[in-house]
Amino acid sequence: MTTAQRAITAMVEQIDGPVASYFSSCVHCGMCADACLFYTETQDPRFTPIYKLLPMRKVWQQEFTFWGRLMKSIGLAKSVTDEEMAEWEELVYDTCTLCGKCSLACPVGNDITYMIRKFREAMVASGHAPQGLKEAMKRAIEIGSPMGITLTTLQAQIKHAEEELGYKVPIDEEGAEYMMVLSSAEIAQFQEIIPAVARIFKAANVSWTLCSTAFEGTNTGIQIGSSDLAAELIERIVAGAEQLKVKTVISPECGHAYIALRWEGPNLIGRPYKFKVQHILEILEELRKQGKLKTKGKDETRLTYHDPCQIARRGGIVEQPRNLINQFAANFVEMKEHGEYNWCCGGGGGVAANERAEERRLDVFSKKKQQLDEIKVERIVTACSNCRNMLEDGLDHYNMSDIEVVGLTETLVQFLDDTNQAND
Amino acid sequence: MNETELLTWLRGPGLLIAITIFVLGVVFRVIQNLAIGMPENLAEPKGSTFGPGVATVFRRFKFHRHSTNRGYFTLIAGYTFHIGLLLTLLFLDQHILLFKSILGFGWPALPTVLITFSALISIGALFAVLVYRVMDPVRRKLSVYQDYLVWVLTIGPLITGYLTMHPIGLSYTLLLSLHIISAEILLIAIPFTSLSHMASLFVSRWYNGAIAGYKGVKS
């Protein structure tokens, strides 16, 4: 089988009812272009979201429609070629963060992001994926983390946290209510998350644990578009959670980890979980509502919240972070387009792991810059370590490094009123 | 076959053939898209599918909250064309007579002058979208030959219909025959082209809303 045939076979497998319906409905109006920051910031028509699916549309036409089949059978339709797939690699990986804004803008209702996620499977099947993502995938499978984080690194972070806290951070505790999964960046760069979570759970008096065989939530498999490898990464978390018999697995401040673990996971492994999956923001909001997350003092800094696409627009967690921020922030302002309509940071969907795309992702950060220029804040709170890195890179690129970027959980914990509990 | 015989054939067997292909073709297209379906979602739902799906079907009729110039143009021209076309199709007294002969019942017609106006508005909107398709780099990039073909097929019945009402020297019978032929070609083309969006967009919107609704997301 040639690489082009492998791509076509993969696309035929990926085309389901929604995809067939979406292609049937598209009238090439181009409204999705205005929802894609790669188009709005470059004005390159190739970056129009639906255009990024042209080879897949061709396959749909030739395999699923009367006219297309007829044309193909009499030799008047050209099949998708390997050159075409190679050409589209840039459009599918470098200029799409799977942010989902186009799926909200389409007047005929096409979920274009859903299709691009599927198209990436065909890209992988035919060997067309960016080197940076391929290497991250290899590290995830072989070492256990796309950034090459090992258990030793985690253990070192736990040790630091314990020194800071003065009590043990639970690991591999069977029967705990919650099992916390982290993102690579949280272990490598944003280590304050471990003591933050430990303090919150101690104050709320709930049992939790980390797991030595399932601490990494980042899933490069769904970013690159390889369901097999994505499933393997999910299986590790499922095995860890089942072994420890936890009730709930907590997805970290990482957009794609949430999508992978919460929404794609059971479908990737072909069975429902025996435990619940919730995002850390959902847990914090539940604790807040139960009165178990008390804070003291107010942050006077003028700050905003950047909605990670996979958590808000694609994940439905919009109100929770706002309720949590309002608990400690006295000066919280929204960007004009926020919540489901927020603009992507430009680094999601594997774009940040793709070195080739670096220059462009920094350029298109001009969209976020415009949003920030309108509200003039001193701090951006977010809930995704990938967004956090991208925001920092983008601010640096546009000489706006005076704006601080922080994670929600660790910011909240600075106002946590846990003096009584901590002394228990 | 003379002009009268042609008209008789077009009004009888021709129309029947066109309507049959149109109805069966569109129904097949929708059923096919629904039948391909999607695997059962094994993730624990956070919301429902049916209600949000229906809500999205209606929500996408509205102007997008953050529309751009392209969006406003597309929606204004799109609504103008579609409303003009529907008024012309459904409220011209000659069309109502045709519907009555097929369905067995009719409804009040709008004054011919109003229908002429709506047809002209519709034709104008179609020309506007054609110019935009050629001028706008995004739309030009997306366009394939079929987009231009369906434009011709769509404007055909509107122009021939207008000429039938305002003859330009040709015989009324000939113009009416041309009008009916163009309408029949359009009907036959719908299931095989992007014109099938007239039915499939409801399925697309429903899928979009249902997939989002399952996750508790508004779309």
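Residues numbered from 1 in each chain as written. Chains lettered and ligands numbered in written order. Predicted model: local features only at pLDDT ≥ 70, side-chain atom pairs only at ≥ 80, totals over all residues. Heavy atoms only, no water.

This part is about the sheet that holds strand β1 (residues 178–180) of chain A. Sheet strands associate in pairs through backbone hydrogen bonding, adopting either a parallel or an antiparallel arrangement. All names here are of chain A. Here we have 4 strands laid out as an open sheet, ordered β2-β1-β3-β4, and parallel in their pairing. A single partner strand is all that each edge strand has here, and the edge strands are β2 (208–209) and β4 (276–279). Here β1 pairs with strand β3 (residues 248–251) via 3 bridges, running parallel. Note on β3: the bridge partner recorded for Y178 is T248. Together, β1, β2 and β3 form the strand contacts of helix α14 (residues 227–244), whose direction differs from that of β1 by roughly 145°. The sheet strands contacting helix α15 (residues 255–269) are β3 and β4, and the helix crosses β3 at an angle near 155°. (Pairing = 2+ DSSP bridges. Helix = DSSP H or I, 4+ residues; strand = E, 2+ residues; numbered from the N terminus. Contact = heavy atoms within 4.5 Å. Axes fitted to C-alpha atoms, helices over the stretch in contact; angles between N-to-C directions.)

What follows concerns the pairing of β3 of chain A. Residue and element names in this part refer to chain A. The alternating pattern of β3 places T248 and I250 and V249 and S251 on opposite faces, both of which are buried. Pairing of β3 with β4 involves 4 bridges; the strand directions are parallel. The partner of S251 across the bridge, within β4, is H279. For the handedness criterion, the β-α-β arrangement of β3, α15 and β4 is classed as right-handed. (Buried < 20%, exposed > 50% of the residue type's maximum accessible area, 1.4 Å probe, protein only. Right-handed = clockwise from strand over helix to strand, strands pointing away.)

A few words now on the packing of aromatic side chains. Tallied over the entire structure, the rule returns 17 aromatic pairs over all chains. Seen from their ring centres, F328 of chain A and F415 of chain A are 5.3 Å apart, and the 10° between their planes marks the pair as stacked. Of the two residues, F328 of chain A is situated in helix α17 (residues 319–328) and F415 of chain A in the loop between α21 (408–413) and α22 (419–422); the sequence distance between them amounts to 87 residues. For the pair formed by F328 of chain A and F415 of chain A, the shared burial category is buried. A network of ring pairs unites the aromatic residues F66 and W67 of chain A together with F192 of chain B as a single cluster. Directly above the ring of W343 of chain A sits K101 of chain A, whose terminal nitrogen or CZ lies 4.4 Å from the centroid. (Phe/Tyr/Trp six-rings, centres within 6.5 Å; stacked < 30°, edge-to-face > 60°. Lys NZ or Arg CZ within 6 Å of the ring centre and 35° of its normal.)

Bear in mind that shape data such as this cannot, by itself, settle questions of function.
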